[in-house]
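# Breakdown of the fold
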Amino acid sequence: MVLAAGIASGFIVALSIPLDPSIPAIGNLVNPYGGFWSIDHGTPATMNVDMPFLSGQVTVIKDAHGEPHIYAQKEIDAVAVLGFLHGRDRMFQLEMIRRQAAGLLAEVVGMQALEIDKLYRNIRLRSAGENLTGYVKATDPAMYAKLEKYVAGINYAIDTCGTLPLEFHLLGIRPTHWTPEDCLTIEKIMDNMLTFGTDDVYRTLLREGLEDAGYASAMDELFPRVTPFQKPITVDYGTAPGERPISPFSAASPEMANLDAICSWIERAQAASPIPAKQGFGSNNWVVGGSNSTTGFPILCNDMHLEWSLPMIWYTAHIKALDSDMNCQGFTLPGAPLVIVGHNEHVAWGMTNAGCDHIDWYSYTANSTHYLYKGTWYPFGSVTEMIPVKGGNPVPFKIRSTIHGVVMDNGNLPYGLAGSDIGTVLAFRWVALTNYTTTFKAVYGFDRARNMTEFDAALEQFSLPSQNVVYADRHGNISIRCSGWVPFREGVNATENADACRFVLNGSAGEHEWNGTFIPFTELPHSVNPAQGYLVSANQLSAGSLYPYYFQDSMDQGYRARRINDLLASDPSVSVDDMAAIQNDVYDKSAEWLLPELLRVFDNDTTFPDGQKTLLVNQSVAILRAWNSSTDRCKMLKDLAAPTIYAAILNKYQVLAFDELAAFGALPALSVLENLTLAAPASKWFDTVSTTGTTETCPDIIREAIKQGVAWLAASKTLSGKAPADWKYGLVHQVYWHHLTYLAALAAGPYPASGSGITPNPSYAGLFSSARWGASERMIIDFSRWDHDFDTSKMVIPGGSSGDPASRHYTDQLQLFLRGEYHGLAFHQTADAFPAGTYEARWIFT
Amino acid sequence: MMLTRGSEKLQAIAKKHAFWLAAAVSFAAILLNLTTIWQLCIIPPAIGSLLFIKERARLAWWSGFLGVGLSWLTIVLYYIATQPAMVVADLLIWIIIGEPGLGWIAIVLTVAIGACLGGFGGVIGFAVQRAISKDSMGNAEATKER
């Protein structure tokens, strides 16, 4: 009996405990008593939910895409139900967001997440969220009450969901209850995603390296703050300014090791984060006034470019409450009780990242306990936190601070210089941590705005992340405004030291200190009802040379903006379908200037002798020539071979032209190369460093790029053995959606895709790799039908409403997105207005 | 003595109604689903063999094995019929062994775990019953000697 009992006990124990921190207990996972089999994937057609904290009835219609339309008597109840729906449909996403921001991932996945936790604790997102919660509670009780109701909804979903979603089984964890602090930390996550970065540090390292290598002018000429051919977002501040000189930086070279180590650590931790941590530059929005549309009313478009994941970052919802002006629809962010981008029955708005400079980095002379500031040694501020680790002991993590802000240090950085206790530390000052931001208040104002005055009043509260906010209303107004709190720095404006803050500042000297104020809202770049009849932003330069302040340190190189401007300027009467075509446009503006150059070089026997024209090169150029004269010219279509050949040659052209930079892993913006190709073909940058006795010029580099590009494709594993005509672009350019756990089984793709990193429909990846970010939503709002529930307007997200991999709404919209299609808004004003058969569920909350 | 006699009667019933015995064990195991504590599934076969099976440990093992195995299979089939559970099974096995389309392995694994649990329960019940029987016999012998 003892033997039998012993074996049985061993059997049960072995199946009930994880054998390794990364492997769930197999018995708990597969048993049908609460294991994965019993997960509820259903969307019942009818359901009555008894939520004890509601003050009135709420009806929810889940439309054909599983997107909710919430109809409530009271706004506070609508917010609670939105929380419930976020919790029900995106429970694991909520858990990951909360844990990542708080530095609590290692608690559930073990040591592998420790560096991610250190990073997020170091940049103090959770701490800032907690401070902000105290501020909101004290100054805006109504908003705080909404947050409390919202988290009550989330927690009700957690408490009543029965068997947890699959991801919780895999990790062997349970979801944590939400608090208002978690919600306001979400605001900080967006700040982190869109405004925190080490660009200044990276640029400093690059400049030092270039100067050491003898390329002192490279920073000015190849990495200017304002890249060539910019077309400013706003039309009221002149055209783009020219380049400016860069202020000197006096850091000693040994300090660079620390800077490099910090950059590397942050990049590694960001890359491994489940929730996107750092975005590149992307997003399009534009608006056309009634004078330029077929309908006589404004049409507004937006597609924000973020990392692709499953589930996607956005959750589409329509919220209507009878006791307030709330009747808005658009993209909500799970964890926040607001429609971030969307429309109501009066106005619509969309956003692109503005690239404003909200953060400065400072280096200090320091020892292990003190740092030097303006000739005096000050002790570091210090706090030590314990990071819980699954399967191990908690790890202590010390965070230090200076007069400017938090010191970046994961505890493993090289510290003292050789033979000395004196070293360098790096700290940052960031608006997200220095001020009580009011972005939630702003967005709440957007959701309820009835006209431009109300909208702008709300926009003034939009602190971070700075955005170019495009606006339209049913009265025919259009506008664009750059928003956000951009600090004034001492001795810095648009014409004086404008580049200084793009590099690490000398913190010990107190260089270019913030003076405690921000550029006034009314003086931020903006345009209202312009004569040209449309406005476009695609992360390019916000204002021309007449703008007086320094405020934007990063911007896109401008090809998407140029293309969209071209299309809108050439069509005085655009329709909703035209707008959809622009959002799906895959015209590569760089091919417009480079393709003729390639053919010109090839056709010239002097620059490209016949003896060097192999069969493959001849075939490839013939394909490019046919592309150049076809209706698909410059279009990066997945079924064509020409885009493959073009992209390979372009890649080689950039690398060969800037061979001096190979050691630094840096390439200038493509528009810099465009400028050199068209305006300075004999520039010194075209001369190849490794050759002696010859001076190469632009045609020489293009010739080599053609030869090497074609050879690269022919030698690739993917295309090997295929004729150039069969080098379809979709074979080498694909798109991919990772799951928050990075498990391949839960991901989508790769799918062959059209487009490139600089087409209006973007897919940011080089050849032979899958693009992992691009449009995170697409929205077209047509005001001609505002009084018919916007029935000609469209939306889509590249994913679905559900985070459940077994739900048909996990990727149903992704398929639409890949085909360039949308779904209607179903912006009905009552639950009963939905025609039978057009929705899948009707739930009553009491 | 009374216990031994009662047990013999139950054994006779078990032999006569073996199918219904397995069904009862299955039903009891399914009822335990309400508890969401899967480990409790060891109890019905243990009680079953404690009360009904005297002679062969193998019979105790197989009755528990089949009883709980069938009950788990029934529940799994219910979920497959009413939910996209097979989609998740495919994903889960894909995650674990890296190959898509092998969700059936999850069914086999699940049923095997349940069946083994039932088998162990049966054997434990049988062993307890044997220990009690021996104890009763021992007591009876001792009474005789006195």
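Described in the following lines is the structure provided in the data block.

Rules behind the numbers
- Residues numbered from 1 in each chain as written.
- Chains lettered and ligands numbered in written order.
- Predicted model: local features only at pLDDT ≥ 70, side-chain atom pairs only at ≥ 80, totals over all residues.
- Heavy atoms only, no water.
- Helix = DSSP H or I, 4+ residues; strand = E, 2+ residues; numbered from the N terminus.
- Contact = heavy atoms within 4.5 Å.
- Polar contact = N/O pair within 3.5 Å; in protein donor to acceptor, adjacent residues only side chain to side chain.
- Axes fitted to C-alpha atoms, helices over the stretch in contact; angles between N-to-C directions.
- Parallel < 35°, antiparallel > 145°, perpendicular 65-115°, else oblique.
- Left-handed = near helix turned anticlockwise from the far one by under 90°.
- Nonpolar A, V, L, I, M, F, W, Y, C, P; charged D, E, K, R; others polar.
- Pairing = 2+ DSSP bridges.
- Salt bridge = Lys/Arg side-chain N within 4 Å of Asp/Glu carboxyl O.
- Buried < 20%, exposed > 50% of the residue type's maximum accessible area, 1.4 Å probe, protein only.

## Section: the environment of A:Leu82
All names here are of chain A. Within the secondary structure layout, Leu82 lies in helix H3 (residues 75–89). Distance in space between the C-alpha atoms of Leu82 and Gly335 is 9.9 Å, their sequence separation being 253 residues. Not counting residues within four places of it along the chain, the set of residues in contact with Leu82 comprises Ile70, Tyr150, Ala317, Ile319, Thr332, Ala336, Pro337 and Leu338.

## Points about the side chain of A:Glu75
All names here are of chain A. Within the secondary structure, Glu75 is located in helix H3. Polar side-chain contacts of Glu75 include one of 2.4 Å to the side chain of Tyr444. Setting aside anything within four residues of it in sequence, one finds Glu75 in contact with Lys146, Ala321, Asp323, Ser324, Met326, Tyr444 and Arg448.

## Quick word on the packing of helix H15 (residues 439–448) of chain A against helix H16 (residues 452–459) of chain A
All names here are of chain A. Running from N to C, H15 and H16 point in directions that differ by 165°, and their axes come no closer than 8 Å. Here H15 lies roughly antiparallel to H16, going by the angle between them. Two packed elements cross with a definite hand, and for H15 against H16 that hand is left-handed. Together, Ala442, Gly445, Phe446 and Arg448 of H15 and Glu454, Phe455, Ala458 and Leu459 of H16 make up the contact between the two elements. When the residues that make up the contact of H15 with H16 are grouped by side-chain class, the tally is five nonpolar, one polar and two charged.

## Some details on the sheet that holds strand E31 (residues 794–796) of chain A
Sheets are built from strands paired through backbone hydrogen bonds, the pairs being either parallel or antiparallel. Residue and element names in this part refer to chain A. Judged by pairing direction, the sheet is antiparallel, and its six strands sit side by side in the order E25-E4-E5-E30-E31-E32 without closing on themselves. Two strands lie at the open edges of the sheet, namely strand E25 (534–537) and strand E32 (823–824), each paired on one side alone. Sheet analysis places strand E30 (residues 778–782) next to E31, joined by three bridges and oriented antiparallel. By the bridge assignment, Ile780 is partnered in E31 with Lys794. Sitting on the sheet, helix H17 (residues 559–569) is in contact with strand E4 (284–288) and E25, with an inclination near 165° to E25. With respect to the sheet, helix H18 (residues 576–583) is in contact with E4, strand E5 (299–303), E30 and E31, its orientation differing from that of E30 by roughly 160°.

## Structural notes on the pattern of salt bridges
All names here are of chain A. Throughout the structure, instances matching the rule amount to 39 salt bridges over all chains. Here Arg203 ties to Asp200 by a salt bridge, and the two come within 3.1 Å at their closest N and O atoms. Here Arg203 pairs with Asp200, and both are found in helix H11 (residues 199–212), just three residues apart, close to one helical turn. Considered together, Arg203 and Asp200 belong to a single accessibility category, that of buried residues. For Asp499, the salt bridge goes to Arg225, with nearest N and O atoms at 3.4 Å. Taken together, the residues Asp499 in the loop between strand E21 (487–489) and strand E22 (505–506) and Arg225 in the loop between helix H12 (218–222) and helix H13 (255–272) connect sequence positions 274 residues apart. In this structure Asp499 comes out as buried when scored by relative accessible area, which is 3%. What makes Arg225 buried here is its relative accessible area of 12%. Three or more residues are tied together by salt bridges with common partners; here these are Glu95, Arg98, Arg99 and Glu107.

## Focus: the environment of A:Ser754
Residue and element names in this part refer to chain A. Residue position: Ser754 is located in the loop between strand E27 (748–752) and strand E28 (769–771). Ser754 sits 116 residues away from Lys638 along the chain, and the two C-alpha atoms are 4.5 Å apart. Not counting residues within four places of it along the chain, the set of residues in contact with Ser754 comprises Val586, Met636, Leu637, Lys638, Tyr729, His733 and Ser763. Polar side-chain contacts of Ser754 include one of 2.9 Å to the backbone nitrogen of Lys638.

## Structural notes on the packing of helix H21 (residues 642–657) of chain A against helix H22 (residues 670–679) of chain A
Residues and elements named next belong to chain A. With their axes 11 Å apart at the nearest point, H21 and H22 run at an angle of 75° to one another. Here H21 is positioned roughly perpendicular relative to H22, judged by the angle of their axes. The residues of H22 that touch H21, namely those facing Leu650, Tyr653, Gln654 and Ala657, are Leu670, Leu673 and Thr677. Grouping the amino acids of the contact of H21 with H22 by side-chain chemistry returns five nonpolar, two polar and no charged.

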